[in-house]
Amino acid sequence: MEPLSLNVLREKYLSFFESKGHLRLESFPLVPQNDNSLLLINAGMAPLKPYFKGERVPPRKRVTTCQKCVRTLDIDNVGKTSRHGTFFEMLGNFSFGDYFKEEAIPWAWEFLTKVLEIPESRLYPSVYVEDDEALEIWVKTGVPRERITKLGKDDNFWEIGSGPCGPCSEIYFDRGEQYGCGKPDCAPGCDCDRYVEFWNLVFSQFNGDGEGHYEKMEHPNIDTGMGLERLACIMQGVDNLFEVDTVQNILKHVARIADVEYHKDAKTDVSLRVITDHIRSTTFMVSDGILPQNEGRGYVLRRLLRRAARHGRLLGINEPFLYKVCETVIGENANAYPELVEHKDYIVK
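Quick caveat, the model's predicted, so the values are computed rather than measured.

What counts as what
All residue numbers here refer to positions counted from 1 along the written sequence of the relevant chain. Confidence filtering applies because this is a predicted model: local features only for residues at pLDDT of at least 70, side-chain atom pairs given and counted only at 80 or more, and all residues used for totals across whole chains, interfaces and linings. Side-chain descriptors were evaluated using all non-hydrogen atoms of the structure, hydrogens and water having been removed beforehand. The aromatic pairing rule takes the rings of Phe, Tyr and Trp, using the six-membered ring of Trp, and pairs them if the centres are within 6.5 Å, calling planes under 30 degrees apart stacked, those over 60 edge-to-face and the rest tilted. Think of it this way: any DSSP run of H or I at least four residues long counts as a helix, any run of E at least two long counts as a strand, and we number them from the N terminus. Per-residue accessibility, obtained with a 1.4 Å probe over protein chains only, is compared with the maximum for each type, and a residue is labelled buried under 20%, exposed over 50%, and partly exposed between these values. Put simply, a charge is over a ring when the Lys NZ or the Arg CZ is close to the ring centre, within 6 Å, and near the line of the ring normal, within 35 degrees. Throughout, the arc means that of the directions going from the helix axis to the C-beta atoms. Whether two residues are in contact is decided by their heavy atoms, any of which lying within 4.5 Å being enough. At least two bridges found by DSSP between two strands are what make those strands a pair. The angle between two axes is taken between their N-to-C directions and runs from 0 to 180 degrees, where each axis is a line fitted to C-alpha atoms and a helix contributes only its stretch in contact. Our angle categories are set so that under 35 degrees counts as roughly parallel, over 145 as roughly antiparallel, 65 to 115 as roughly perpendicular, and the remainder as oblique. Here a crossing is called left-handed whenever its near helix is offset anticlockwise from the far helix by less than a right angle, and right-handed whenever the offset is clockwise. Side-chain classes follow a simple rule in which Ala, Val, Leu, Ile, Met, Phe, Trp, Tyr, Cys and Pro form the nonpolar group, Asp, Glu, Lys and Arg form the charged group, and the remainder, Gly included, forms the polar group.

> Just checking my understanding: could you explain the packing of aromatic side chains for this structure?
Each aromatic ring pair is specified by the distance between its two centres and by the angle formed by the two planes. Tallying each qualifying case throughout the model produces 19 aromatic pairs. Judged by centre distance (6.1 Å) and plane angle (70°), the ring pair of phenylalanine 52 and phenylalanine 94 falls under edge-to-face. Here phenylalanine 94 lies in strand β3 (residues 87-95) and phenylalanine 52 lies in helix α2 (residues 49-52), a separation of 42 residues in the sequence. Summarising the burial analysis for this pair, phenylalanine 52 and phenylalanine 94 share the class buried. A connected cluster of aromatic rings, assembled from ring pairs, spans Tyr13, Phe16, Phe17, Phe111 and Trp199. In this structure, arginine 147 is placed above the aromatic ring of tyrosine 124, and the distance from its NZ or CZ to the ring centre is 5.0 Å. Looking at arginine 175, its charged tip hangs above the ring of tyrosine 179, at a distance of 3.7 Å from the centre.

> Would you explain helix α4 (residues 132-141) in this entry?
Owing to its 3.6 residues per turn, the α-helix aligns residues three or four sequence positions apart on the same side. By the burial criterion, the buried members of α4 are Ala134, Leu135, Ile137 and Trp138. Buried residues of α4, seen end-on, are gathered within an arc of 165° and therefore sit on one face of the element. On its buried face, α4 is in contact with α3 (101-115), β4 (123-128), β5 (149-151), β7 (163-174) and β8 (195-208). In the segment just after α4, glycine 142 is the residue with positive phi, at about 120°.

> Sorry, what's going on with the pairing of β8 here?
Taken residue by residue, a regular strand's side chains alternate between the two faces of the sheet. Counting buried residues along β8, twelve of its 14 residues qualify, which places the element largely inside the surrounding structure. Two elements, β7 and β8, share ten bridges in a ladder whose sense is antiparallel. Within β8, the residue paired with glutamate 170 across the bridge is asparagine 200. Judged from the nine bridges that link them, β8 and strand β9 (residues 214-227) form a sheet pairing that is antiparallel. Along β9, the bridge assignment pairs phenylalanine 206 with lysine 216. Between the end of β8 and the start of β9, which pair antiparallel, lie five residues, with glycine 210 showing a positive phi angle near 85°.

> Can you help me understand the packing of helix α7 (residues 245-258) against helix α8 (residues 266-287) in this one?
To characterise two packed helices, one gives the angle between the axes of the helices and the distance between these axes. Relative orientation of the contacting elements α7 and α8 amounts to 120°, with a least axis distance of 9 Å. Looking at the two axes, α7 sits oblique to α8. For the pair α7 and α8, the sense of crossing is right-handed. Facing α7, whose interface residues are Val247, Ile250, Leu251, Val254 and Ala255, α8 presents Leu272, Arg273, Ile275, Thr276, Ile279 and Arg280. Across the contact of α7 with α8, the residue classes break down as eight nonpolar, one polar and two charged.

Below, the structure written as structure tokens:
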């Protein structure tokens, strides 16, 4: 299991699924297109909803993406915890009525164990308690039955209101006993930090009415999501997203401007992490044409910028500095998101 940079991991994933007949699509903009239900794209599958619902014909029945996402529900926890962030990238492979569990599960296992060479002994799948089909496919793929955890609807059934929904299979990485709670029944799904869920394979095989009634879909879909930063944490052996290589380089730039050291003071560390996270979000948002406003997505941007600037003041930075850091964000993401380079002067301005 070789340490791999975030940019290398992104490319390996997309190339792997291209080799399985998927069309690689560029990330959609953060501003939802023809979708008033969202302020900002907050999941890898969100821009693809028209294809899943049958409202539009997809460019191919197999698609793979790395989607830029912004979520601000947990904004007050950003900087205080190791896992909260407002900006993240979501890797996904999708099937619109084409392949299903028989292909999705073995491909996931192949990517993790053969391409990334993660030891099989550290990977633990979970399945929905009633999904014996997925369980048997995992066993046939080579995972010992005793390493597969059955979990209930809260953990392993994906649905949002009415529409396509279904059971899912999550893959966990075992970080080791030192991160565990010590309980004899500690296993995937436990609240401790030992088992990290990082890839969710959703099997959309039902149409739900939002009230507990489900009809089988004639052509079921595959919708998977894997957090790129979370995968990078695993591959780089670090404890949180702020220590992933590309994110760490942004944080180091902030620290140089403030003339402080990371891991020297708890309050300083919180401010460094808040600025690092927020400058990632705001750089991508401005690149996609969002401007500070008093409402809607413009207010989200304004709030993120103000929080970042405030934490700069807490670090003793008393002049404009965020425009300098956004150049590092652009540089770290230039290959995957050429629009950042194209819009660089505009973003900095």
